[in-house]
Structure formats: structure tokens, C-alpha cells
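# Structural overview for review
Read off the chains here:
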Amino acid sequence: PVRTASGPEVRPRGPAPASRARANRSTESKLLRAVLARPELADRLPVEWVTREAPEAQALREVAEALRDHGPDLGRPLSGAFEERPYRNLLVELEADLLVLGLDDEGLASEFEDGLRRLHEGALAAQLKLLESKEKAGGLGREDRDRYAALIREHAALRRALGTPI
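Remember, it's a predicted structure, so these values are computed and weren't measured experimentally.

### Observations regarding the overall build of the chain
The number of helices and strands found in the chain is 6 helices and 2 strands. Each helix and strand of the chain, ordered N terminal to C terminal, gives the series β-β-α-α-α-α-α-α. When burial is assessed residue by residue, the chain has 36% of its 166 residues classed as buried. Long-range contacts, defined here as pairs at least 24 residues apart, represent 61% of the contacts in the chain between residues at least 6 apart. When the accessible area of the chain is evaluated, it comes to approximately 10,400 Å², of which 51% is carbon and sulfur surface.

Structure follows, in C-alpha cells:
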């Protein structure tokens, strides 16, 4: 029973439901969660695709780089190796997600592969935007036009694979 400030006791009804935010995490958070569970996945993560400046993106970049540099020396849980970093609480939260969600190896692999595709799509979109602004500012040279055409094809193919509108 819990006593509220206004008076009568309130009895919780069963366990608290898993947070909806756990299932609706950002792409970077899902990738970070997979890396926390299976640190060897950090070797497959192109950190240059992580372009956002959100805390979870910063954490993903730093954790992946630390795992590449120090791997097994970091120990478990990985959040312990990042005590002084501003995103440490996020790491603890994601480690708790792993326990609550009970993702098996197949589920983690699926989440990781989906996250990689989404990161790749975002990186391609950013490159396209950069070339588009360059074109508006003064035009593209032959090499940039060729790169732009190749990026458009690659981006369209990836968006079809992800099932998102082109």
C-alpha cells in the first residue's frame, strides 16, 4: 500500500506495465540496446551513419568506439564502464529493457539489422540534402552529379526495402 499526500492508501494493482517508450525507442536507442546485449555487434556499426546529435546518438557513437578499442576489458554490465558520462542512465535503462523485453538472439539481430538499414537511409538522405543545397548554391560538377544520381537510386532502393514511401 502507498499513502498519498491527500489521504487514503492506494494499493497498486499488479506489476507496473512495461513502458510504451521501451518499444518506441529511437533507432539509435534500439541499436545501442542490441550492442549492450551483444558487444561484438559494435564492429558492424558504421558510426559515420550516426548523424543525429541526440543523447542516444552520442551514446551509441561513444559506446561503439569504446567497444572497438577496449572490447572485453569493459566488463559487464557495460553501463558500469560509463559512470561519468551524461548518458549513463540511458545505458542502465536500456539494460533494464533487455530484461523486460526478453529479446532472444534472433530478436536482437533483427532489431540491429533494421536499425542499420534505418541509419543507412538517414545517412543517404543527409548526403542527398547536402548535394541538393550545393546544387542550389551554384550547381554540381560532373562527379557530384554522378554521385547524386547514384545516391538517389540507392536511397530509393533502401526505402523500398524498408517499406517507406519514396
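Read on, since the account is not over.
### Thoughts on the side chain of His155
Following the sequence through the fold, His155 ends up in helix 6 (residues 142–162). Beyond its immediate sequence surroundings of up to four residues, His155 is in contact with Glu121, Leu124, Ala125 and Leu128.

### Some details on a nonpolar patch on the surface
On the surface, Val100, Leu101 and Leu103 cluster together to form a nonpolar patch covering roughly 210 Å² of accessible area. Tracing the sequence through the fold places Leu103 in the loop between helix 4 (88–101) and helix 5 (105–138).

### A short note on helix 3 (residues 55–70)
The end-to-end C-alpha distance of helix 3 is 22 Å, a good match for the 22 Å that 16 residues give at a rise of 1.5 Å each. Every buried residue of helix 3 is accounted for by Glu56, Ala57, Ala59, Leu60, Arg61, Val63, Ala64, Ala66 and Leu67. Within two residues after helix 3, Gly71 carries a phi angle of roughly 35°, on the positive side.

### Brief notes about the packing of aromatic side chains
In this structure the tally under the stated criterion is 1 aromatic pair. A centroid spacing of 6.1 Å and a plane angle of 45° characterise the contact between Phe82 and Tyr87, whose relative ring orientation is tilted.

### A look at the side chain of Glu95
Counting through the fold element by element, Glu95 comes out in helix 4. Buried and without a salt bridge, Glu95 has Arg88 as its closest oppositely charged side chain, separated by 6.6 Å.

Reading guide: rules and limits
- Residues numbered from 1 in each chain as written.
- Predicted model: local features only at pLDDT ≥ 70, side-chain atom pairs only at ≥ 80, totals over all residues.
- Heavy atoms only, no water.
- Helix = DSSP H or I, 4+ residues; strand = E, 2+ residues; numbered from the N terminus.
- Buried < 20%, exposed > 50% of the residue type's maximum accessible area, 1.4 Å probe, protein only.
- Contact = heavy atoms within 4.5 Å.
- Areas by Shrake-Rupley, 256 points an atom, 1.4 Å probe, with all protein chains shown as cover.
- Patch = residues over 30% accessible without salt bridge, like charges linked within 9 Å, V, L, I, M, F, W, Y side chains within 5 Å.
- Salt bridge = Lys/Arg side-chain N within 4 Å of Asp/Glu carboxyl O.
- Expected span 1.5 Å × (residues − 1).
- Phe/Tyr/Trp six-rings, centres within 6.5 Å; stacked < 30°, edge-to-face > 60°.
- Lys, Arg positive; Asp, Glu negative; His and termini not counted.

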